[in-house]
Amino acid sequence: MTVATTKQELKEKLIEWRQQDHHVALVPTMGNLHAGHLSLVELARESAEKVVISIFVNPTQFGKDEDFDEYPRNLKLDIQRLKESTADLIFAPNVETMYPLGLENATSILVPKITENFCGASRPGHFDGVTSVVARLFTLVQPDAAIFGQKDYQQQLAIRHMSLDLNLPIKIITGKTMREDDGLAMSSRNQYLSDDERVNAPMLYEVLSDTAERLQSGCRDYKEQESRSIKVLSDAGFSVEYFSIRRAQNLKAPDRDCDELVVLVAVKLGNARLIDNVVVTI
Ligand code: PAF
């Protein structure tokens, strides 16, 4: 497995693969890899002969008061983990490589509407940073396919919209959320949880699953279900940012006949901000 930190190293490998008619799939990450990321690498391998995983903690998607400085970085361990995976190349650039004109001169790609609510409302500018860095990675790697996790539901929708709107010839694939045995969605930010909070955290998925079951069994009073779930979570010590039932395709408010829904949640638990979702097909 190759580790490339410069554009040149990446380019050399890509040229070699293209000459051999290989397809390339990209898994963008910010590192500190867990089983969820590794499942995306496996999924990538199903759609291309060669898999590139990028590791880059992207400064433009963090707000001023967010955890950019504390965000867990562990490239050595990540490389170790990837050696046992089906990844062929790790692209681990620095900020100068990704933003050659400097952060203050960086071109920004903004996907409207779909990024306005939910995480977009509580983290202003976050999705502009995500789509801008993903567009840069797409330009550098020129993959045939790119894989994103369902846990970041709004993110993968924004990237789908960007790719569609810019006619990017890249297949966007969404990999299912990997969970701990107790249901908690795997996330790099789970390590901010204290021991007590970690015991409490799986309740998030329990409440999502309970809502999904009610929807499946015909309940259509979305507002009532949202309020009930917010109360259950708040009573259990979660600070709820949003809990919302939306159309899975575009996050618009659903009517009673909608047959593909997504239940989205974001909470603060101690120092950790946790997001999760379930898709409900009726
Ligand atoms: O989901 C992430 O880890 C990041 O938002 C991404 C897609 C790698 C962009 O920095």
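Check the entry above for the structure.
Residues numbered from 1 in each chain as written. Predicted model: local features only at pLDDT ≥ 70, side-chain atom pairs only at ≥ 80, totals over all residues. Heavy atoms only, no water.

## Section: the packing of helix 9 (residues 203-216) against helix 10 (residues 222-235)
Interaxial distance between helix 9 and helix 10 falls to 11 Å at its minimum, and their mutual angle equals 160°. For the element pair helix 9 / helix 10, the angle class is roughly antiparallel. In this structure, the crossing between helix 9 and helix 10 has a hand that is right-handed. On helix 10, the residues that touch Met 203, Leu 204, Val 207, Thr 211, Arg 214 and Leu 215 of helix 9 are Tyr 222, Gln 225, Arg 228, Ser 229, Val 232 and Leu 233. Here the contact of helix 9 with helix 10 is composed, by residue class, of seven nonpolar, three polar and two charged. (Axes fitted to C-alpha atoms, helices over the stretch in contact; angles between N-to-C directions. Helix = DSSP H or I, 4+ residues; strand = E, 2+ residues; numbered from the N terminus. Parallel < 35°, antiparallel > 145°, perpendicular 65-115°, else oblique. Left-handed = near helix turned anticlockwise from the far one by under 90°. Contact = heavy atoms within 4.5 Å. Nonpolar A, V, L, I, M, F, W, Y, C, P; charged D, E, K, R; others polar.)

## Digging into the pattern of salt bridges
Within this structure, the stated rule accounts for 13 salt bridges. Among the ionic pairs, Arg 18 bridges to Asp 144, the shortest N-O distance being 3.0 Å. Here Arg 18, found in helix 1 (residues 7-19), pairs with Asp 144, found in the loop between helix 6 (126-141) and strand 5 (145-149); they are 126 residues apart in sequence, far enough to count as distant. A residue is classified by how much of its surface remains accessible, and Asp 144, at 27% relative accessible area, is partly exposed. Two residues, Glu 224 and Arg 228, come together in a salt bridge whose shortest N-O distance is 3.6 Å. One end of the pair, Glu 224, and the other, Arg 228, are both in helix 10, four residues apart, so they sit about a helical turn from each other. (Salt bridge = Lys/Arg side-chain N within 4 Å of Asp/Glu carboxyl O. Buried < 20%, exposed > 50% of the residue type's maximum accessible area, 1.4 Å probe, protein only.)

## Let's talk about the site of the ligand
The immediate surroundings of the ligand are formed by Pro 28, Thr 29, Met 30, Asn 58, Gln 61, Val 130, Val 133 and Gln 155. In this structure, an oxygen atom belonging to the ligand sits 2.7 Å away from a side-chain N or O atom of Gln 155. Relative to its unbound accessible area of 290 Å², the ligand is 88% covered by the protein chains. When contributions to the shell around the ligand are tallied by element, the ones reaching two or more residues are strand 2 (24-29) and helix 6. (Near = heavy atom within 4 Å. Polar contact = N/O pair within 3.5 Å; in protein donor to acceptor, adjacent residues only side chain to side chain. Areas by Shrake-Rupley, 256 points an atom, 1.4 Å probe, with all protein chains shown as cover.)

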